[in-house]
Amino acid sequence: MSALTLERGINAFKAQIDAPMASFFSSCVSCGMCADACLFYTENPEPRFTPIYKLEPLRRVWEQEYTLIGKLKAKLGLSKPVTDAELAEWQELVYNNCSLCGRCTLICPVGNDITYMIRRMREGMVASGHAPEGLIGASTRAVQIGSPMGVKLPALQAQVRHLEKSSGLTVPFDQEGAEYLLMLSSMEIMNYPEYLGAVAKILTNAGKTWTLSSECFEATNSGIQIGSSDIARELVSRVVAAAEKLKVKTVISPECGHAYTALRWEGPNLIGRPYTFAAKHIVEVLDELRAEGLLQTEGFEESKLTFHDPCQLVRRGGVVEQPRNLLNMVAKNFVEMAGHGTLNWCCGAGGGVSANEDAEEVKMKAFQRKKKQLDELHVDTLVTACANCRIQLEEGMEVNQMDIPVLGLTEMIAEHLVERKGGAA
């Protein structure tokens with residue numbers, strides 16, 4: 001990403017202005033409903049945090065380049081060109097104050113996909129040199145090392161050896177023809193190693209063949225977060241190459257929202273062809289096993305608990321009922337948050353926000369929206385299905401002195417698993 005210039009950024013903006021983008025800008029009625037749908041605005045109600053305002057430089061390029069009135073305004077000096085200083089100012093709005101959660105898109109009365117627009121605007125921000133250092137570092141590590149957190153294969157292999165020794169389970173690598181290729185996120189490897197053990201236990205007990213790939217085990221896609229289709233394409237291509245080399249039927253995305261978005265929804269478009277395999281979130285796979293009678297549990301969690309809906313999984317991905325099907329297997333006192341499901345509020349750290357050191361204050365402000373939801377319920381336990389959400393929720397609880405443990409859904413199911421005949425729970 002050398003020779004990054006304002007000109008390159010503006011050209012990138014122009015390249016992103018397709019028919020949907022033009023229609024979205026043309027149809028926006030400036031109603032402000034997207035503001036009330038955005039936790040970065042509701043918790044810090046300044047006009048500049050309104051979702052549609054975050055797109056102002058891109059909107060102005062569209063107007064000046066592709067509309068008659070915009071061209072006239074520019075010629076008469078009534079509309080100023082986008083400057084490098086403006087893009088530097090907008091970096092905070094586009095990256096720190098937007099988690100790409102999609103709630104503004106869901107609420108928009110004319111159906112404008114504001115999330116799509118922010119994602120495209122980030123392409124121009126990267127090209128002009130105005131992406132945050134945190135995301136630049138994560139993306140560089142992802143391309144060069146294979147992991148945004150710098151996790152290398154030996155670290156995973158060490159974790160696997162420990163798991164196999166402590167559990168007696170076998171964690172296969174590079175098993176050709178397996179039904180499932182299990183992908184991981186660096187956050188699970190480093191922060192929640194129990195996730196791999198839970199999946200190994202469940203799939204082994206279900207009698208399913210599965211494998212890890214020694215050539216590509218990371219599903220997190222920093223390219224989606226920073227806004228670089230080139231990086232996103234490279235990272236998805238590595239997963240596709242590993243899956244096709246091993247001839248698996250299904251690639252399992254981990255408990256990571258943007259990994260799921262990149263692999264399930266954006267991947268085929270990025271590489272320009274359909275997959276030869278299915279791509280599913282671990283929660284989708286678990287619910288399929290439940291429906292097939294291959295996932296049976298015993299006992300119930302006694303505590304009052306609720307579920308935090310990860311935005312990319314539930315709102316953007318449509319996986320709404322599956323986590324609830326699973327929770328109802330093990331939770332005796334499961335209660336829903338107000339506005340749960342597709343309308344639930346973001347944790348505040350998605351879309352790359354968690355990678356930006358200077359976003360710490362704003363993401364903790366954003367967490368106040370989640371705190372209000374939890375304060376209404378008085379629950380003992382919070383469950384989620386995204387490692388990034390889990391880290392933010394745990395940090396938010398600590399900062400706000402809230403004594404509510406945060407559990408991963410997959411691990412919870414594994415703890416209640418009933419051993420099947422011929423299985424190995």
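Parameters at a glance
Residues numbered from 1 in each chain as written. Predicted model: local features only at pLDDT ≥ 70, side-chain atom pairs only at ≥ 80, totals over all residues. Heavy atoms only, no water. Helix = DSSP H or I, 4+ residues; strand = E, 2+ residues; numbered from the N terminus. Rg over C-alpha atoms; globule rule 2.2 N^0.38 Å. Buried < 20%, exposed > 50% of the residue type's maximum accessible area, 1.4 Å probe, protein only. Contact = heavy atoms within 4.5 Å. Polar contact = N/O pair within 3.5 Å; in protein donor to acceptor, adjacent residues only side chain to side chain. Salt bridge = Lys/Arg side-chain N within 4 Å of Asp/Glu carboxyl O. Pairing = 2+ DSSP bridges. Right-handed = clockwise from strand over helix to strand, strands pointing away. Expected span 1.5 Å × (residues − 1). Axes fitted to C-alpha atoms, helices over the stretch in contact; angles between N-to-C directions. 1 Å grid on protein atoms, 1.4 Å probe; cavity = no way out; pocket = protein on both sides within 12 Å on 5 of 7 lines; lining within 4 Å. Points joined across faces, edges and corners; volume = space filled by probe spheres on them. Nonpolar A, V, L, I, M, F, W, Y, C, P; charged D, E, K, R; others polar. Patch = residues over 30% accessible without salt bridge, like charges linked within 9 Å, V, L, I, M, F, W, Y side chains within 5 Å. Areas by Shrake-Rupley, 256 points an atom, 1.4 Å probe, with all protein chains shown as cover.

Asker: What is the right way to look at the overall build of the chain in this model?
Answerer: Scanning the chain from terminus to terminus reveals 22 helices and eight strands. Against the 2.2 N^0.38 benchmark of 22 Å for 425 residues, the chain shows a C-alpha radius of gyration of 22 Å, consistent with a compact globule. Each principal axis of the C-alpha distribution contributes one length, and for the chain these read about 80 × 50 × 35 Å. The buried share of the chain, reckoned over its 425 residues, is 58%. In the chain, 81% of the contacts between residues at least 6 apart in sequence involve partners at least 24 apart.

Asker: Could you clarify how one ought to interpret the side chain of Ser 253 in this entry?
Answerer: Topologically, Ser 253 is positioned in strand S3 (residues 250-253). Within the structure, Ser 253 has its side chain in polar contact with the backbone nitrogen of Tyr 260 (distance 3.4 Å). Beyond its immediate sequence surroundings of up to four residues, Ser 253 is in contact with Tyr 195, Ala 259, Tyr 260, Leu 263, Lys 280, His 281 and Ile 282.

Asker: Explanation requested: the pattern of salt bridges in the structure shown.
Answerer: Any two side chains of opposite charge can pair, so long as their charged atoms come close to each other. For the structure shown, the criterion picks out 30 salt bridges. Taking the shortest distance from any N to any O, the salt bridge between Lys 371 and Asp 375 comes out at 2.8 Å. Residue Lys 371 and its partner Asp 375 are located together in helix H20 (residues 360-377), separated by four residues, close to a single helical turn. Salt bridges here are not isolated pairs; linked through shared partners, they connect Glu 56, Arg 59, Glu 63 and Lys 73.

Asker: Is there a simple way to think about the pairing of strand S4 (residues 278-281) in this case?
Answerer: A regular strand carries its side chains on alternate faces of the sheet. Of the two faces of S4, only one is covered, namely that formed by Ala 279 and His 281; the face formed by Ala 278 and Lys 280 stays uncovered. Here S3 runs beside S4; their pairing, made up of four bridges, is parallel. Its bridge partner being in S4, Thr 250 is matched across the sheet by Ala 278. The β-α-β motif built from S3, the intervening helix H16 (residues 257-271) and the parallel element S4 has right-handed crossover chirality.

Asker: Can you help me understand helix H13 (residues 194-205) in this one?
Answerer: An α-helical turn contains 3.6 residues, so any two residues separated by three or four positions project in the same direction. For H13, built from 12 residues, the straight-helix expectation of 16 Å at 1.5 Å per residue is met to within 8% by its first-to-last C-alpha distance of 16 Å. In terms of residue burial, H13 counts as a mostly covered element, since nine of its 12 residues are buried.

Asker: Looking at this structure, I do not really get the sheet that holds strand S6 (residues 331-334). What am I missing?
Answerer: Hydrogen bonds between backbone atoms are what pair the strands of a sheet, whose relative direction is either parallel or antiparallel. The strand order across the open sheet built from four strands is S6-S5-S7-S8, with neighbouring strands paired in parallel fashion. In this open sheet, the two edge strands, each paired with only one partner strand, are S6 and strand S8 (406-408). Across the sheet, the mean angle separating the axes of adjacent strands is 45° when strand polarity is ignored. Relative to S6, strand S5 (residues 301-307) runs parallel, the two sharing three bridges. Considered in S6, the bridge of Leu 305 is made with Phe 334. Packing of helix H21 (residues 387-399) onto the sheet brings it into contact with strand S7 (381-384) and S8, and relative to S8 it is tilted by some 165°.

Asker: Would you take a moment to explain the sheet that holds S4 for this structure?
Answerer: Pairing is parallel across the open sheet formed by four strands, whose spatial order is S2-S1-S3-S4. The open sheet has two edge strands with one neighbour each: strand S2 (210-211) and S4. In this sheet, S2 lies alongside strand S1 (residues 180-182) in parallel orientation, the contact comprising two bridges. Bridge assignment links Tyr 180 to a residue of S2, and that residue is Trp 210.

Asker: Can you walk me through the layout of surface pockets in this structure?
Answerer: Where empty space is left in the structure can be found by rolling a water-sized probe over the atoms. Size it by volume and the largest pocket reaches roughly 500 Å³. For the largest pocket, the lining is made up of 35 residues, of which Met 187, Gln 225, Ser 354, Ala 355 and Asn 388 are closest to its centre. At the level of secondary structure, the elements contributing two or more residues to the lining of the largest pocket comprise helix H10 (133-144), helix H12 (186-191), helix H14 (222-226), H16, helix H18 (311-314) and H21. Tallying contributions element by element places H21 first for the lining of the largest pocket, with four residues. Classifying every residue of the lining of the largest pocket by side-chain character gives 15 nonpolar, 18 polar and two charged. What the second largest pocket holds in volume is close to 310 Å³. Along its surface, the second largest pocket is lined by 15 residues, and Tyr 116, Arg 119, Thr 261, Glu 266 and Arg 316 are the ones closest to its centre. Among the secondary structure elements, those contributing two or more residues to the lining of the second largest pocket are helix H9 (114-127) and H16. At six residues, the largest contribution of residues to the lining of the second largest pocket is made by H16. For the lining of the second largest pocket, the class distribution of residues is five nonpolar, five polar and five charged.

Asker: Before we go on, may I ask you to explain a nonpolar patch on the surface in this structure?
Answerer: A cluster of nonpolar side chains, Leu 68, Leu 72, Leu 76 and Leu 78, forms an exposed patch at the surface whose accessible area comes to about 470 Å². Here Leu 72 falls in the partly exposed class, since its relative accessible area comes to 46%.

Asker: Where do I start with the environment of Cys 256 in this structure?
Answerer: For Cys 256, the position within the fold is in the loop between S3 and H16. In this structure the C-alpha to C-alpha distance between Cys 256 and Ser 186, which are 70 residues apart in sequence, comes to 9.7 Å. Setting aside chain neighbours within four positions, we find Cys 256 in contact with Ser 185, Met 187, Thr 220, His 281, Ala 385, Cys 386 and Ala 387.

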